[in-house]
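Secondary and tertiary structure notes
Okay, here's what each chain looks like letter by letter:
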Amino acid sequence: MLRFSPPLSVICLTLIAVPGLFAQTRAPQEPMKPLHPLEESYLRWNLAPADQAYASIDGRHLKGYVEDQSAISRRYRDNGHPQFWGRIAGTEADEENAQWLLGRFRKIGLSDVRQQAFDLPPQWMPQSWSVAVATDDKTLAVTSAQPTYRSPGTDGLDLEAVDAGFGTEGDLAGRDLRGKAVFFYSTDYFSRHSTINGGAIKRINDKGAASIFVILAVPGNIKTQFYPVGSKVPTFSLGLQDGSAIREMIGQARDRKPPRVKIKLDVTQQPGMKSSTVWGSLPGTSDETVFVIAHRDGWFEAANDNGTGVATMLGLAEFFAKIPKDRRRRTIQFLGTTGHHDGTAESGTWLAQHKEVFEKTALIINCEHTAANEMVLNNGVIQKSNWPSTLTWYVGGSPKLEDIVVKAYAAFGVPTYEIPARTPAGEIGRIYQFAPSIQLIDTGLYWHSDHETADIIPPTGLEASTRAYAKIIREIDAVDFKDLQRPPK
Ligand SMILES: [Zn+2]
């Protein structure tokens with residue numbers, strides 16, 4: 001019988017190459033450190049000679065705008081709003097951000113710089129909350145708990161904790177969840193919606209739970225702000241570390257008293273708040289327009305959503321302000337909008353009701369989450385890479401426009417998915433059909449979380465998206481209005 005026996009050197013190499021095999025038996029090691037700061041090791045894209053005109057769009061400069069906006073969020077947090085914070089519509093952070101943007105627009109030299117104010121309907125404003133889980137011998141303060149948007153409040157609940165697995169039909173079958181605090185686990189990493197785990201929140205609601213907790217399986221203990229999930233009871237997202245600890249407490253108490261969950265959530269519906277669209281324009285030589293739109297609101301530091309989009313808009317304003325008017329075919333309208341995190345989207349609603357604004361619009365560009373790090377789930381931790389993440393993209397227009405857009409992304413190394421989106425998710429959802437329109441958008445692992453900070457924004461990615469948009473605006477100057485339109489259905 002012929003047996004293959006590998007030489008000793010191969011065995012040794014195999015052992016060296018699979019350190020995980022030995023990790024369990026060794027003492028824990030210090031994590032490895034980067035050899036170079038990430039900021040200095042981002043991969044750079046060489047500009048073709050024909051694209052040197054775009055070299056003035058500088059990612060590090062644009063990242064400064066992201067940091068400015070993050071600082072506005074932190075000021076709001078530190079000014080008495082430690083739990084529900086960000087550049088939230090209607091708050092002082094909204095107004096500070098609007099004033100900041102007006103200032104930038106004026107400094108760049110845009111004309112007709114103005115603020116269009118809107119009265120907001122009463123806004124869901126959680127004032128404070130606390131969640132604690134306790135067994136006879138242990139109490140856990142659940143610091144990562146974040147109420148889902150528009151969650152009902154409570155003066156105080158004291159409930160039995162139950163673990164509902166993934167919240168699937170199979171997990172819930174035969175379970176009595178009435179009046180209980182139900183925890184479920186989700187590997188639906190990118191959902192911040194009622195759709196999580198295929199409608200788990202509705203299923204658990206329907207079984208009479210008194211409170212619901214979604215444990216988002218993103219490594220660490222991040223706080224994540226969900227959109228409304230349609231729950232009738234106080235509902236929270238939890239970080240993985242807290243969630244795993246609670247599931248363990250439930251498991252350990254199996255034959256004894258189950259853990260109890262104490263919940264408080266003080267919510268007010270705040271009337272009388274205001275938000276605004278910030279307008280600025282750069283006149284061209286015809287009555288045709290290009291709209292460049294970025295929503296101003298965001299949760300937590302909101303570095304990507306939508307610090308990057310606003311930075312991209314400003315980068316475009318700076319770039320085109322330096323081009324003499326007689327070489328700009330169309331007027332460019334820059335709009336910092338109220339956004340949509342509050343669920344009412346006043347700017348978008350107003351624009352949708354004023355379709356005439358877009359009568360001569362050759363292109364709408366939505367600047368939304370234009371760059372974040374590619375982050376990879378690797379061995380139970382999230383690794384930041386030194387390149388920008390792959391972006392979802394939408395283009396609605398003629399084959400000529402599609403061609404210009406695809407080539408512009410390729411020219412600057414903008415990573416996109418193979419297949420574009422059918423419709424644009426995000427801020428231009430109400431208006432994109434009024435004119436040819438495009439967008440790039442990233443929603444990564446840290447989207448809507450307290451980890452979405454400026455240090456996950458690659459200047460190279462910001463630069464690439466912004467240069468691509470600039471090239472698209474310039475190249476459509478050579479294309480007539482009618483030749484940019486979507487083909488008839
Ligand atoms: Zn957004």
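Small disclaimer: the values here were computed from a predicted structure and weren't measured.

Let us now look at helix H10 (residues 346–353). Among all positions of H10, only Glu 346, Ser 347, Gly 348 and Leu 351 are buried. Where H10 is buried, its residues meet strand E2 (111–119), strand E11 (274–282) and strand E14 (331–337).

Along its sequence, the chain is carved into domain 1 (40–121 + 272–484) and domain 2 (124–267). Taken over C-alpha atoms, the centre of domain 1 sits 34 Å from the centre of domain 2. Taken together, the contacts link 26 residues of domain 1 with 21 residues of domain 2. Approximately 2,000 Å² of surface area, both sides summed, lies buried where domain 1 meets domain 2, with 66% of it carried by carbon and sulfur atoms. By the criterion of area lost to domain 2, the three top residues of domain 1 are Gln 83, Phe 84 and Trp 447, representing 32% of everything that side buries. Run the count over domain 1 and domain 2 and you get zero salt bridges. At the junction of domain 1 with domain 2, the criterion picks out seven residue pairs in polar contact (both at pLDDT 80 or more).

Here we come to the coordination of the zinc ion. Surrounding the zinc ion are the protein donor atoms His 295 (NE2), Asp 305 (OD), Glu 368 (OE) and His 369 (NE2), which sit 2.1 to 2.5 Å from the metal. Geometry at the zinc ion is irregular, judged from the four donor atoms that bind it and their angles of 81 to 173° at the metal. Written as a sequence motif, the donor residues of the zinc ion are H-x9-D-x62-E-H. Here His 295 is found in strand E12 (residues 289–295), whereas its partner His 369 is found in the loop between strand E15 (361–367) and strand E16 (373–378), with 74 residues between them in sequence. On the basis of relative accessibility, which here comes to 0%, the residue His 295 falls in the buried class.

Relative to the helices and strands, Thr 148 resides in the loop between strand E5 (146–147) and strand E6 (154–163). Not counting residues within four places of it along the chain, the set of residues in contact with Thr 148 comprises Trp 124, Gln 225, Phe 226, Tyr 227, Val 229, Thr 235, Phe 236 and Ser 237.

The rules we used
- Residues numbered from 1 in each chain as written.
- Predicted model: local features only at pLDDT ≥ 70, side-chain atom pairs only at ≥ 80, totals over all residues.
- Heavy atoms only, no water.
- Buried < 20%, exposed > 50% of the residue type's maximum accessible area, 1.4 Å probe, protein only.
- Helix = DSSP H or I, 4+ residues; strand = E, 2+ residues; numbered from the N terminus.
- Contact = heavy atoms within 4.5 Å.
- Domains from an automatic or database assignment.
- Buried area = accessible area lost by both parts, 1.4 Å probe.
- Salt bridge = Lys/Arg side-chain N within 4 Å of Asp/Glu carboxyl O.
- Polar contact = N/O pair within 3.5 Å; in protein donor to acceptor, adjacent residues only side chain to side chain.
- Donors = N, O, S within 2.8 Å, 3.2 Å for Na, K, Ca; no water.
- Tetrahedral: all angles 85-135°; square planar, octahedral: opposite > 155°, others 65-115°.

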